[in-house]
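Topology and contacts: notes
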Amino acid sequence: TEPRYDPLVQEPLLADAWNDALTELGREPIAFSGMAGGSTDMGNVSQVVPSIHPGIAIIGSTSAPHTEGFAADAATPAADRAVIDSAIGLAWAAATAALTPSSRADLLARQAARPAGATTHPQGEE
């Protein structure tokens, strides 16, 4: 396909902050060793912008995504809780990344070093 989907790069600072937030919310972070099937252009974005692409469980759901069972599970209080916990986790990760002078300076320096058009072209292509 064009353009190609580049590999997803998880920003360690953001990922660690996400995991800390989930722990504080009483959830157990899990490590993804890779997902089978599927694709996302988030990999392209993560090549040039510090990013995370975390997942969160609907506690109690045993249904696979994109199924009728999962759709039913997504309309429950447990799913509402997952949405709220996700929002808190993402806000926590972003705030943590901006809190320390060194991490903020590092992220801003990497942003400033991005070449013009870096977010509109796949890595290595102009």
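Residues numbered from 1 in each chain as written. Predicted model: local features only at pLDDT ≥ 70, side-chain atom pairs only at ≥ 80, totals over all residues. Heavy atoms only, no water.

The secondary structure content of the protein chain amounts to five helices and zero strands. Starting at the N terminus and walking to the C terminus, you meet the elements of the protein chain as α-α-α-α-α. Within the protein chain, the proportion of its 126 residues that are buried is 22%. For the protein chain, contacts bridging at least 24 residues in sequence account for 73% of all contacts bridging at least 6. Here the protein chain displays about 8,500 Å² of accessible surface, and carbon together with sulfur accounts for 60% of that area. (Helix = DSSP H or I, 4+ residues; strand = E, 2+ residues; numbered from the N terminus. Buried < 20%, exposed > 50% of the residue type's maximum accessible area, 1.4 Å probe, protein only. Contact = heavy atoms within 4.5 Å. Areas by Shrake-Rupley, 256 points an atom, 1.4 Å probe, with all protein chains shown as cover.)

A word on helix 4 (residues 77-99). Helix length check: helix 4 (23 residues) gives 32 Å between terminal C-alpha atoms against 33 Å at 1.5 Å per residue, within 8%. Of the positions making up helix 4, those classed as buried are Ala79, Ala82, Asp85, Ser86, Gly89, Ala93 and Ala97. Taken together, the buried residues of helix 4 touch helix 1 (12-24), helix 3 (68-73) and helix 5 (101-113). (Expected span 1.5 Å × (residues − 1).)

Our focus in this paragraph is the layout of surface pockets. Of the pockets and cavities examined, the second largest pocket occupies roughly 260 Å³. Within the lining of the second largest pocket, the residues separate by chemical class into five nonpolar, three polar and no charged. (1 Å grid on protein atoms, 1.4 Å probe; cavity = no way out; pocket = protein on both sides within 12 Å on 5 of 7 lines; lining within 4 Å. Points joined across faces, edges and corners; volume = space filled by probe spheres on them. Nonpolar A, V, L, I, M, F, W, Y, C, P; charged D, E, K, R; others polar.)

On to the packing of helix 4 against helix 5. The N-to-C vectors of helix 4 and helix 5 enclose an angle of 100°; their axes lie 5 Å apart at closest approach. Relative to helix 5, helix 4 is oriented roughly perpendicular. On helix 5, the residues touching Thr96, Ala97, Ala98 and Leu99 of helix 4 are Pro101, Ser103, Arg104 and Leu107. Partitioned by chemical class, the residues of the contact of helix 4 with helix 5 number five nonpolar, two polar and one charged. (Axes fitted to C-alpha atoms, helices over the stretch in contact; angles between N-to-C directions. Parallel < 35°, antiparallel > 145°, perpendicular 65-115°, else oblique.)

The end-to-end C-alpha separation of helix 1 is 18 Å, in line with the 18 Å expected for 13 residues at 1.5 Å each. For helix 1, the complete set of buried residues consists of Leu14, Ala17, Trp18, Ala21 and Leu22. Down the axis of helix 1, the sector holding all buried residues measures 140°, keeping them to one side. Turned more than 90 degrees off the buried face of helix 1, the exposed positions are Pro12 and Glu24. Here the buried face of helix 1 lies against helix 4. (Arc of directions from axis to C-beta.)

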